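So the chains spell out like this:
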Amino acid sequence: MTDVIFLLNGPNLNLLGQRRPEVYGSTTLGDIENAIIERAASYGLAVECLQSNHEGVLIDAIQHARLNGSGIIINPGAYTHTSIALHDALEAVEIPVVEVHLSNIHRREPFRHHSYVSPQASAVIAGAGAYGYTMALDYLATSAARVLGQGFEES
Ligand code: DQA
């Protein structure tokens, strides 16, 4: 069966390309999703994409991914800084989770410096713009290969 990576984006990320392009870039979410789907295919991986402005929908998606996925790439948007519920949903996940932020949240307002998601993430990427999603996929493809015993030895 094909391994599936879940690409989850939280509130307001549907507005990428329109909202504060000087902070978040001009690439649209559709462009990001298409690029990740295409790159994943080159690794033999499938991608399921979901964007929601609703916390509960994201939690349902995490619970679904937990049972059906090989990895999660998540940009939780502002829920990063507020959601104990997302933290708890991810706590129950055993597949690798990569937290992505387009902007470097650590050089922005203090209320963005804390993430409830990071303690549950295998890796955190912030400030690399849309390229952060590509980095996350490459990491997951590598760790998927490791889990499947097809690729890299742990050193
Ligand atoms: C964001 C950073 C968050 O602080 C913000 O609320 C977002 C986007 C990012 O990708 O840089 O919506 O997650």
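Residues numbered from 1 in each chain as written. Predicted model: local features only at pLDDT ≥ 70, side-chain atom pairs only at ≥ 80, totals over all residues. Heavy atoms only, no water.

Here we look at the overall build of the protein
Scanning the protein from N- to C-terminus turns up five helices and five strands. Written out in order from the N terminus, the α and β elements of the protein read β-α-α-β-α-β-α-β-β-α. By its C-alpha atoms, the protein is 40 × 30 × 30 Å across when sized along the principal axes. Going through the 155 residues of the protein one by one, you find that 46% of them count as buried. Long-range pairs, those at least 24 residues apart, make up 75% of the contacts in the protein between residues at least 6 apart in sequence. (Helix = DSSP H or I, 4+ residues; strand = E, 2+ residues; numbered from the N terminus. Buried < 20%, exposed > 50% of the residue type's maximum accessible area, 1.4 Å probe, protein only. Contact = heavy atoms within 4.5 Å.)

What about the site of the ligand?
Around the ligand, a shell composed of Arg19, Tyr24, Asn75, Gly77, Ala78, His81, His101, Leu102, Ser103, Ile105 and Arg112 is seen. In this structure, an oxygen atom belonging to the ligand sits 3.0 Å away from a side-chain N or O atom of Arg19. Ser103 places a side-chain nitrogen or oxygen 2.6 Å from an oxygen atom of the ligand. When each cavity is represented as a set of grid points, the ligand is found to reside in the largest pocket. Here the shell around the ligand is built from residues that sort into four nonpolar, five polar and two charged. (Near = heavy atom within 4 Å. Polar contact = N/O pair within 3.5 Å; in protein donor to acceptor, adjacent residues only side chain to side chain. 1 Å grid on protein atoms, 1.4 Å probe; cavity = no way out; pocket = protein on both sides within 12 Å on 5 of 7 lines; lining within 4 Å. Sits in = over half its atoms within 2 Å of the grid points. Nonpolar A, V, L, I, M, F, W, Y, C, P; charged D, E, K, R; others polar.)

Considering the packing of helix H3 (residues 55–68) against helix H4 (residues 84–91)
Running from amino to carboxyl end, H3 crosses H4 at an angle of 5 degrees, the nearest separation of the two axes being 9 Å. On the basis of the axis angle, H3 is roughly parallel to H4. Counted together, Glu55, Leu58, Ile59 and Ile62 of H3 and Ala85, Leu86, Ala89 and Leu90 of H4 form the full contact between these two elements. For the contact of H3 with H4, the per-class residue count stands at seven nonpolar, no polar and one charged. (Axes fitted to C-alpha atoms, helices over the stretch in contact; angles between N-to-C directions. Parallel < 35°, antiparallel > 145°, perpendicular 65-115°, else oblique.)

Let's talk about the layout of surface pockets
The space that makes up the largest pocket amounts to roughly 170 Å³. The wall of the largest pocket is formed by 16 residues, among which Arg19, Tyr24, Gly77, Ala78 and Arg112 lie closest to the centre. When the residues that make up the lining of the largest pocket are grouped by side-chain class, the tally is six nonpolar, seven polar and three charged. (Points joined across faces, edges and corners; volume = space filled by probe spheres on them.)

In short, geometric facts, not functional conclusions.
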